[in-house]
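Summary of structural features
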2 protein chains.
Amino acid sequence: MINPYNDAFFMKKALREAEAAYEKGEIPIGAVIVINNQIIARAHNLTETLNDVTAHAEMQAITAAANYLGGKYLIDCTLYVTIEPCQMCAGALFWSQISKVVYGARDEHRGCINLNTKLHPKTELMGGIMAEEASQLLKRFFIEKRNLN
Amino acid sequence: MINPYNDAFFMKKALREAEAAYEKGEIPIGAVIVINNQIIARAHNLTETLNDVTAHAEMQAITAAANYLGGKYLIDCTLYVTIEPCQMCAGALFWSQISKVVYGARDEHRGCINLNTKLHPKTELMGGIMAEEASQLLKRFFIEKRNLN
């Protein structure tokens, strides 16, 4: 039997969150956090709506997952996020001791990889899952925004 | 006439926040954000109380200051924080485009300087204001915690 709960399955859920952000005029990035194949947090970027630079999808997902678990460490959890986390989000993931981070598309300029943000030694980082979809959505957002201005 | 609103004045306010954290059993770090000599945000570490690794003093101060200003960028603002910001907080400060960050004591292991977290080019970073007081409070916290276990 095919296991439906693979990385693409959960990244699609994160992409749905990114689309929800897009529809609100927010930079379209979405995230979910999963434990034992169960989604315990869903979030999307809300920096404009909340007037708050800290309201990235990952930050909200970390807070929501910890709230669900009743503890601040996200051991055995996996974060799926459509775009590679920034320094702030990678720094938060460091503190959370999350087991795995799966991102969609790379962010060469603002992403944690090129900026050398330190992840926790217990955290595995993996990328490239549905990268094209994540990247296209982001490009579409910025092209439309440019055309409106 | 002596101007009472110098860096030590505002760092003392941040230290009071750190003491409030200490009294709650939280790692004692405090922060205030100032614009035109007016404090617009006060916060202290609440990671234990809120069960949330993102609840550092700086993060909460950034959110509160943006809320006060009605905009997410902290132009012309100064953050005073008792201990050098970590990667997460420095990453958030990057996005906020804050004008100045003043910390008390260095954090050699987890601080943004040795971990090379990128601050915004518009942000000036300055340290060493009441470093001894900030550092002593933190040391006292960890010694007492060790003795309790």
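Residues numbered from 1 in each chain as written. Chains lettered and ligands numbered in written order. Predicted model: local features only at pLDDT ≥ 70, side-chain atom pairs only at ≥ 80, totals over all residues. Heavy atoms only, no water.

A closer look at the UniProt feature "active site" (unreviewed entry) in chain A
Residues and elements named next belong to chain A. Definition in use: UniProt positions are given in the numbering used here, feature names are shortened, and annotations may be inferred rather than shown by experiment. The helix count covers DSSP runs of H or I at least four residues long, the strand count covers runs of E at least two residues long, and both are numbered beginning at the N terminus. In what follows, a contact means two residues having at least one pair of non-hydrogen atoms within 4.5 Å.
Per the UniProt record, "active site" (unreviewed entry) is found at Glu 58. Take Glu 58: it is sitting in helix α2 (residues 57-69). If we skip the residues at most four places from it in the chain, Glu 58 touches Ala 31, Leu 79, Val 81, Ile 83, Pro 85, Cys 86 and Cys 89.

Details of the relation of the copies chain B and chain A
Quick reminder of the rule: The copies were overlaid by least squares, fitting only the C-alpha atoms of residues that reach a pLDDT of 70 or more in each copy.
It takes a turn of 180° to lay chain B on chain A, together with a shift of 0.0 Å along the axis; the resulting RMSD is 0.0 Å. On the angle and the small slide along the axis, the relation comes out as a two-fold axis. The position closest to the rotation axis in chain B is occupied by the C-alpha of Met 88 of chain B, lying 2.0 Å away. Looking at chain B, 100% of its interface residues are interface residues in chain A too, so the copies touch through the same face.

A word on the interface of chain B and chain A
Think of interface size as the accessible area that goes away when the parts come together; that is how it is often given. Put simply, the test is: Once two parts are joined, some of their accessible surface, as seen by a 1.4 Å probe, is lost; buried area is that loss totalled over both. Note on definitions: salt bridges are taken to be side-chain nitrogens of Lys or Arg within 4 Å of carboxyl oxygens of Asp or Glu. Each residue is assigned to one class: nonpolar for Ala, Val, Leu, Ile, Met, Phe, Trp, Tyr, Cys and Pro, charged for Asp, Glu, Lys and Arg, and polar for all the others, Gly among them.
Taken together, the 27 residues of chain B in the interface contact 27 residues of chain A. Of all residues in chain B, Val 53, Lys 72 and Trp 95 of chain B give up the largest surface area on contact with chain A, accounting jointly for 29% of the area buried on that side. Along the contact surface separating chain B from chain A lie 2 salt bridges. Across the salt bridge formed by Lys 72 of chain A and Glu 48 of chain B, the nearest N and O atoms sit 2.7 Å from each other. Put simply, the parts of the chain that give the side of chain B that touches chain A at least two residues each are α2 (57-69) and α3 (87-96) of chain B. Tallying contributions element by element places α3 of chain B first for the side of chain B that touches chain A, with 7 residues. Taken together, the residues of the side of chain B that touches chain A sort by class into 10 nonpolar, 12 polar and 5 charged.

Examining the packing of helix α3 (residues 87-96) of chain A against α3 of chain B
The description of two helices packed together rests on the angle between their axes and the distance between the axes. To keep things clear, this is the line we draw: Comment: axis = line fitted to C-alpha atoms, over the contacting stretch for helices; angle = value between 0 and 180 degrees taken between N-to-C directions. Our angle categories are set so that under 35 degrees counts as roughly parallel, over 145 as roughly antiparallel, 65 to 115 as roughly perpendicular, and the remainder as oblique. Handedness of a crossing is defined here by the sense of rotation of the near helix relative to the far one, left-handed for an anticlockwise turn of less than a right angle and right-handed for a clockwise turn.
With their axes 7 Å apart at the nearest point, α3 of chain A and α3 of chain B run at an angle of 160° to one another. Taken together, the axes of α3 of chain A and α3 of chain B lie roughly antiparallel to each other. Remark: the crossing between α3 of chain A and α3 of chain B carries left-handed chirality. Two secondary-structure elements touch here, α3 of chain A through Gln 87, Met 88, Gly 91, Ala 92, Phe 94 and Trp 95 of chain A and α3 of chain B through Gln 87, Met 88, Gly 91, Ala 92, Phe 94 and Trp 95 of chain B. A breakdown of the residues in the contact of α3 of chain A with α3 of chain B according to their chemical character gives 8 nonpolar, 4 polar and no charged.

Overview of the sheet that holds strand β3 (residues 77-83) of chain A
All names here are of chain A. Here is the rule: Only strands that DSSP links by at least two bridges are regarded as paired with each other.
Strand order in this open sheet of 5 strands is β2-β1-β3-β4-β5, and the pairing throughout is mixed. Whereas interior strands pair on both sides, the edge strands pair on one side only; in this sheet they are β2 (38-44) and β5 (124-126). Sheet twist, expressed as the average angle between the axes of neighbouring strands with direction ignored, equals 15°. Bridge analysis of strand β1 (residues 30-35) against β3 gives 5 bridges, and the strand direction is antiparallel. The partner of Val 34 across the bridge, within β3, is Thr 78. Where α2 meets the sheet, it contacts β1, β2 and β3, and its direction lies at approximately 145° from that of β2. Each of β3 and β4 (100-105) touches helix α4 (residues 131-148); the most contacted strand, β4, lies at about 60° to it.

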